[in-house]
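Inside the fold
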Number of protein chains: 2
Amino acid sequence: MEEQIKEIEKAFLTYVKKMSAYQEALALIYWDLRTGAPKKGIGQRSQVIGLLSSEVFQMSTSEEMAAFIANLSGAENELSDITKKTLQECKKEYDRNKKIPREEYEEYVVLQSQAESVWEEAREKSDFSLFQPYLEKLVAFNKKFIDYWGYEGNKYNTLLDMYEPGVTVEMLDQVFGQLREEIVALVKEIAASPNKPDTSFLHKPFPKEQQKAFSLKVIEKLGYDFQAGRLDDTVHPFAIGINPGDVRITTRYDENDWRMAVFGTIHECGHALYEQHISKELIGTPLCTGTSMGIHESQSLFYENILGRDYSFWKHHYDSLKAHAAGQFDHVSLEEFYRGINESKASLIRIEADELTYPLHIIIRYEIEKGLFNDEIEVKDLPKIWNDKYEEYLGIRPTTDKEGVLQDVHWAGGSFGYFPSYALGYMYAMQFKNKMLEDLPHYDELLENGDYGPIREWLSNHIHQYGKLKKPLEILESVTGEGLNASHLITYLKDKFQKIYRL
Amino acid sequence: MEEQIKEIEKAFLTYVKKMSAYQEALALIYWDLRTGAPKKGIGQRSQVIGLLSSEVFQMSTSEEMAAFIANLSGAENELSDITKKTLQECKKEYDRNKKIPREEYEEYVVLQSQAESVWEEAREKSDFSLFQPYLEKLVAFNKKFIDYWGYEGNKYNTLLDMYEPGVTVEMLDQVFGQLREEIVALVKEIAASPNKPDTSFLHKPFPKEQQKAFSLKVIEKLGYDFQAGRLDDTVHPFAIGINPGDVRITTRYDENDWRMAVFGTIHECGHALYEQHISKELIGTPLCTGTSMGIHESQSLFYENILGRDYSFWKHHYDSLKAHAAGQFDHVSLEEFYRGINESKASLIRIEADELTYPLHIIIRYEIEKGLFNDEIEVKDLPKIWNDKYEEYLGIRPTTDKEGVLQDVHWAGGSFGYFPSYALGYMYAMQFKNKMLEDLPHYDELLENGDYGPIREWLSNHIHQYGKLKKPLEILESVTGEGLNASHLITYLKDKFQKIYRL
């Protein structure tokens, strides 16, 4: 019997390896499409994507997969830990995919792609009414899917679970409530403060090639392995783990705002360091990736903001930045520079928001999504609800749909439950950082010396190596000894911004 | 019945489309590996290549494929021309792959990869004896394969057929014999001529970026569609048709010899123009590629040499070259320049050979391969036979194996029958060119004006659009009205080089 299980385990891992191989090919195609694939080949390339994706989908819902799940589920004790977790991932995927009737899913896929192009037009024209019927259908489909999939406690939990397994509305209501209250108060204080940082020097021309040279220098120091990755240009920056030895990042440049490229590159580098340090043992399984959107974001936000906008970090890099720039920082002290890059100001567009106000953008979306899926909000009322919330939390009110409810593509793609990950990332990051400080009491010194090895190793040992072997809250708890806790982030933001704005 | 055939035809085309999709993914992976894939990801990427290739192989030899062949072969009259030719390709592939016992093929694949690395070492050490046992085994395997596959007339024909379907030893003996005799005589005359061109100005420094700018300008003029392709750097330049809307080329730069990049890029552009102009109707079938190595090479060699080293071509481009260069041509007349870039000199290394002597390098390899597969030559005698032939035909004798029999990778990879394509390409190219002159009597004027549209269209209409719908000799005959004929090339070479060397 045990012999037989070993045989099935082996066949299962071979099967899963083939699925991973197809996904690796898809990842490379995706990277290529976004970094320079010739325009005229894209139509045919989409066909290739369709065929490969549908092959993976069929494999994930095949009778063969059903048999693996049936035969191995009873024998979990005889399986290696990797096989066990791989089996769980496959089973989750199988259940999700099998429960939706095929025709409904196909209809939904068509709707998604229509909705995205309608959204583009609606956003261009700043007219929510064009997008409204599509969004209504998307929400209705997802409500039906929740019925098929089932839910515990709150319907929205089922959607959250897709991006942040284990995180629930109950938890988010608590931490987001606390966060909202504290940040809203702090944002008001800052708005009233007479001690605003000077930021004029941030917008002086900074040649692209020099920005690139500086960014490359920084991420090389941070430990991004160029033998296992590369940096390219794109319109929408991203990091992609094709395999742990091939984790690519992209960035974009604005000659009048160097922060976009430099902090953007550090952000993607944070994602990439995660993927580059996943244990090689997980290659060829669905575990060979970051465990959740939130934990992934905790790594990119840690590097971009917590580390990358730290005073000690710039104590080390400021001279180098000056040497790469065109003279605009020559008469700017490190102190002034530090305050400038940490300016906080309520704004309407999420992706342009600063470290302090960003979580409010997320909380607004969270509250709206939760309302939608609990039948407390109707799609047709979204523009007003959106604008009211911005006014209430951030003190500014969008005057158009374009700078309001139509700004993000997520909903058009059917991604509900994704947004909270961004704010969770901040919270995780500060919880990890405070634990890291216990183990690395000379953290500030490390930053001042540009000695990131110990930090990278700490993150790799505690988080990165596990890939999806551990669930997000499992990692959080095993590393910090506690569950989700907003107070770490709150204390950090208060300390930092009270000092900067001399409150 | 007819209804039923239509159903099977549809299923067959869907099946073939899937194979093509996998091959497209493989082509992109191949391009990526050679243009900048991070080193540490390559091991895992090879696994992906292995899995995708073996999937394609299995599909090409599956019972499903056997059924398609059986069910459709009798009903060819009811099939579209594309389906019919696709079926023929699939059948040829099926027969080839099925006739070799699986274990033997697997053994051969392992041998190939061992042989390549041993060849690298042997070449490095310039020691044929290291490589000899591997080459012996490779030849033995291919002899066995020929037995499995069968042959007509000459055993070597079966190998030729892999790269140049329809071309036989009988044809090659005739044309290569004629070519050899005439070129050998001409090379001797040239060696004795006192009127050697000056080439000193060719080796002055020419900055890489400027070479690139000039090359891009030239191929854009030639009609390379950058919306359907891109140019990257590599160690070994190549062109790859991923699909007709995505045909990429690569090149390499030598700052002390600009000819490598400029003529290399034009060469790859010739291949790319072929692939970019294949009829879109062939997408998703095995017909969507150049019909043979030889016809492909006829396009690259036409652009690189026949057009690209023509006096009229440079009449148009010389000023631009001067403007891109660093002053080295300022006092060189167009006449001197033209003679310089057309210097002919017997040399030992094939890939560095000039237009006139190049075919001799190929003929030597052809004669040796033919001898090997007809049991007239033994592997152990290759270094001596090789060197003797170089001395006889080119008047120079290699003093090491590295610059002799070990210079090419082809045999180490098991590619026998491939070399003749290169020389066939020259012959085809001149046969096409002479026909083109009938249709475009103002050819020289077109070149002088940089007006390549009519030439490109002519090639596209007569050759490119068909992809593999027509076999190489079918295309040759339908376009020129004759079969293989070396005299076009001979006349061209004589005219050109007698003028240059004032014989």
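Just so it is clear, the structure is predicted and the values come from calculations on it, not from any experiment.

Conventions adopted
Every chain is numbered on its own, with residues counted from 1 as its sequence reads. By the order in which they are written, chains take letters starting at A while ligands take numbers starting at 1. Where local features are concerned, this predicted model is filtered to residues with pLDDT of at least 70; where side-chain atom pairs are given and counted, the filter is 80 or more; whole-chain, interface and lining totals use all residues. Excluding hydrogens and water, the side-chain values take into account all heavy atoms of the structure. Least squares is used to superpose the copies, and the fit set is the C-alpha atoms of residues whose pLDDT is at least 70 in both copies. Criterion for a disulfide: a pair of cysteine sulfur atoms at a distance within 2.5 Å. A pair of Phe, Tyr and Trp rings is counted when the ring centres sit within 6.5 Å of each other, with Trp represented by its six-membered ring. The angle between the planes then sorts it: under 30 degrees is stacked, over 60 is edge-to-face, the rest tilted. Working definition: helices are DSSP H or I runs of at least four residues, strands are E runs of at least two. Numbering for both runs from the N terminus. Distance and angle both matter: a charge sits over a ring if NZ of Lys or CZ of Arg is within 6 Å of the ring centre and within 35 degrees of the ring normal. Expected span of a helix: the number of residues minus one, times 1.5 Å. A 1.4 Å probe rolled over the protein chains alone gives each residue an accessible area, and that area as a share of the maximum for its type sets the label: buried under 20%, exposed over 50%, partly exposed in between. Note on contacts: a residue pair qualifies if any of its non-hydrogen atoms lie within 4.5 Å across the two residues. The pairing criterion is simple: DSSP has to find at least two bridges between the two strands. For helices, the axis comes from a line fit to the C-alpha atoms of the stretch in contact; other axes are also lines fit to C-alpha atoms, and the angle between any two N-to-C directions lies between 0 and 180 degrees. When describing relative orientation, an angle under 35 degrees is termed roughly parallel and one over 145 degrees roughly antiparallel, while 65 to 115 degrees is termed roughly perpendicular and anything else oblique. Just so you know the grouping, Ala, Val, Leu, Ile, Met, Phe, Trp, Tyr, Cys and Pro go in nonpolar, Asp, Glu, Lys and Arg go in charged, and all remaining residues, Gly too, go in polar. Salt bridge, as used here, is a side-chain nitrogen of Lys or Arg placed within 4 Å of a carboxyl oxygen of Asp or Glu. Definition of a polar contact: a pair of N or O atoms within 3.5 Å, with one able to donate and the other able to accept a hydrogen when the atoms are protein atoms, and with sequence-neighbouring residues admitted only if both atoms are side-chain atoms. Segmentation of the chain into domains, including their bounds, is taken from an automatic or database domain assignment. When two parts are brought into contact, each loses some accessible area as probed by a 1.4 Å sphere; the total of that loss over both is the buried area.

1. Concerning the relation of the copies chain B and chain A
What connects the two chain copies is a rotation about an axis and a shift along it. For the pair chain B and chain A, the relating rotation is 180°, the translation along its axis is 0.0 Å, and the fit reaches an RMSD of 0.0 Å. Within this description, the copies of the chain are treated as partners about a two-fold rotation axis. Measuring from the rotation axis to each C-alpha of chain B, the shortest distance belongs to B:Ala25, at 3.3 Å.

2. Digging into the state of the cysteines
A complete count under the given rule lists 0 disulfides over all chains for this structure. We note that A:Cys90 lacks a disulfide partner, and the nearest cysteine sulfur, in A:Cys288, lies 14 Å from it.

3. Section: the packing of aromatic side chains
Overall, the coordinates contain 83 aromatic pairs over all chains when judged by the stated rule. Geometrically, the ring pair formed by A:Phe373 and A:Phe416 is edge-to-face, given 5.3 Å between the ring centres and 65° between the ring planes. You can see A:Phe373 sitting in helix H14 (residues 358-373) and its partner A:Phe416 sitting in the loop between helix H15 (382-394) and helix H16 (420-439), a full 43 residues away along the chain. Positioned above the aromatic ring of B:Trp31 is the side chain of B:Arg248, whose terminal nitrogen or guanidinium carbon lies 4.3 Å from the ring centre. The cationic tip of B:Arg350 hangs over the ring face of B:Tyr422; the distance from NZ or CZ to the ring centre is 5.0 Å.

4. Thoughts on helix H4 (residues 81-99) of chain B
Residues and elements named next belong to chain B. A rise of 1.5 Å per residue sets the reference length of H4, with its 19 residues, at 27 Å; its end C-alpha atoms lie 27 Å apart and thus fit the reference within 8%. For H4, the set of buried residues is Ile82, Thr83, Lys85, Thr86, Leu87, Cys90, Tyr94, Arg96 and Asn97. At its buried positions, H4 is contacted by helix H1 (2-35), helix H2 (42-60), helix H3 (63-73), helix H6 (128-149) and helix H7 (155-163).

5. Digging into the pairing of strand S2 (residues 239-243) of chain A
All names here are of chain A. Bridging between S2 and strand S3 (residues 246-251) involves 4 bridges; their strand directions are antiparallel. Residue Asn243 lies in a different strand from S3, and its bridge partner there is Asp246. In sequence, S2 turns back onto S3 through a hairpin of 2 residues.

6. Remarks on the packing of helix H8 (residues 169-192) of chain B against helix H20 (residues 487-500) of chain B
Residue and element names in this part refer to chain B. Interaxial distance between H8 and H20 falls to 10 Å at its minimum, and their mutual angle equals 5°. On the basis of the axis angle, H8 is roughly parallel to H20. Residues Gln178, Leu179, Glu182, Ile183, Leu186 and Ile190 of H8 form the contact with H20, whose participating residues are Ser487, Leu489, Ile490, Leu493, Lys494, Phe497 and Gln498. Its residues assigned to classes, the contact of H8 with H20 comprises 8 nonpolar, 3 polar and 2 charged.

7. Some thoughts on the environment of A:Ser193
Residue and element names in this part refer to chain A. Following the sequence through the fold, Ser193 ends up in the loop between helix H8 (169-192) and helix H9 (208-222). With relative accessibility at 6%, the residue Ser193 sits in the buried group. When the C-alpha positions of Ser193 and Val118 are compared, they lie 42 Å apart, and in sequence the two are 75 residues distant.

8. Describing the interface of chain B and chain A
Counting residues at the interface gives 35 residues for chain B, matched by 35 residues for chain A. For the pair chain B and chain A, the interface holds 10 salt bridges. Of the charged contacts, one joins A:Asp32 and B:Arg248 as a salt bridge, the two residues approaching to 2.7 Å between their closest N and O atoms. Along the contact surface separating chain B from chain A lie 24 residue pairs in polar contact (both at pLDDT 80 or more). Residue assignment for the side of chain B that touches chain A shows that the elements contributing at least two residues are H1, H2, strand S2 (239-243) and strand S3 (246-251) of chain B. The element contributing the most residues to the side of chain B that touches chain A is H1(B), with 11 residues. Of the residues contributing to the side of chain B that touches chain A, the split by class is 14 nonpolar, 9 polar and 12 charged.

9. Here we look at H7(B)
All names here are of chain B. Inspection of H7 places Tyr156, Asn157, Thr158, Leu159, Leu160 and Tyr163 among the buried residues, and these make up the whole buried set. Along its buried surface, H7 packs onto H4, H6, H8, helix H11 (293-307), helix H14 (358-373) and helix H16 (420-439). The N-terminus of H7 is capped by Asn154, whose side-chain oxygen sits 2.9 Å from the backbone nitrogen of Tyr156.

10. What to know about the sheet that holds S2(A)
Residues and elements named next belong to chain A. The mixed open sheet is built from 3 strands, whose spatial order is S1-S3-S2. If you trace the sheet from one side to the other, it starts and ends with strand S1 (231-233) and S2, each paired once. Within this sheet the neighbouring strands show an average axis-to-axis angle of 25°, counted without direction. The pairing of S1 with S3 spans 3 bridges and is parallel. Bridge pairing links Asp232 to Thr250 in S3. Here helix H1 (residues 2-35) sits on the sheet and contacts S1, S2 and S3; the angle it forms with S2, its principal contact strand, is near 145°.

11. Topic: the pattern of salt bridges
Applying the stated criterion across every chain yields a total of 71 salt bridges over all chains. The salt bridge involving A:Glu121 is made with A:Lys125; its shortest N-O contact spans 2.7 Å. Here A:Lys125 and A:Glu121 lie together in helix H5 (residues 102-125), a separation of 4 residues that amounts to about one turn. A:Glu121 gets classed as partly exposed once you look at its relative accessible area, which sits at 38%. By relative accessible area, which is 54% here, A:Lys125 ends up exposed. The partner of B:Asp173 in a salt bridge is B:Lys370, and the shortest N-O contact between them spans 2.8 Å. Of this pair, B:Asp173 sits in helix H8 while B:Lys370 sits in helix H14; the two residues are 197 residues apart in sequence, bridging distant segments of the chain. In this structure B:Asp173 comes out as partly exposed when scored by relative accessible area, which is 34%.

12. Brief notes about the domain arrangement of chain A
Residue and element names in this part refer to chain A. Along its sequence, chain A is carved into domain 1 (2-99) and domain 2 (203-343 + 437-462). Distance between the C-alpha centres of domain 1 and domain 2: 32 Å. With 15 residues of domain 1 at the contact, the number on the domain 2 side is 16 residues. Both faces considered, domain 1 and domain 2 share a buried interface measuring about 1,300 Å² in area, 74% of it formed by carbon and sulfur atoms. Area buried by domain 1 at its contact with domain 2 is led by Glu24, Trp31 and Ile82, which between them contribute 42% of it. Taken together, the connections running from domain 1 to domain 2 amount to 0 salt bridges. Applying the counting rule to domain 1 against domain 2 returns 2 residue pairs in polar contact (both at pLDDT 80 or more). Among the elements of the structure, H1 and helix H4 (81-99) are those that each provide at least two residues to the side of domain 1 that touches domain 2. With 10 residues, H1 is the largest single contributor of residues to the side of domain 1 that touches domain 2.

13. Observations concerning the sheet that holds S2(B)
Residue and element names in this part refer to chain B. Pairing is mixed in the open sheet, where 3 strands are placed in the order S1-S3-S2. The two strands at the open ends of the sheet, each matched to only one other strand, are strand S1 (231-233) and S2. Neighbour-to-neighbour, the strand axes of this sheet turn through a mean angle of 25°, independent of strand direction.

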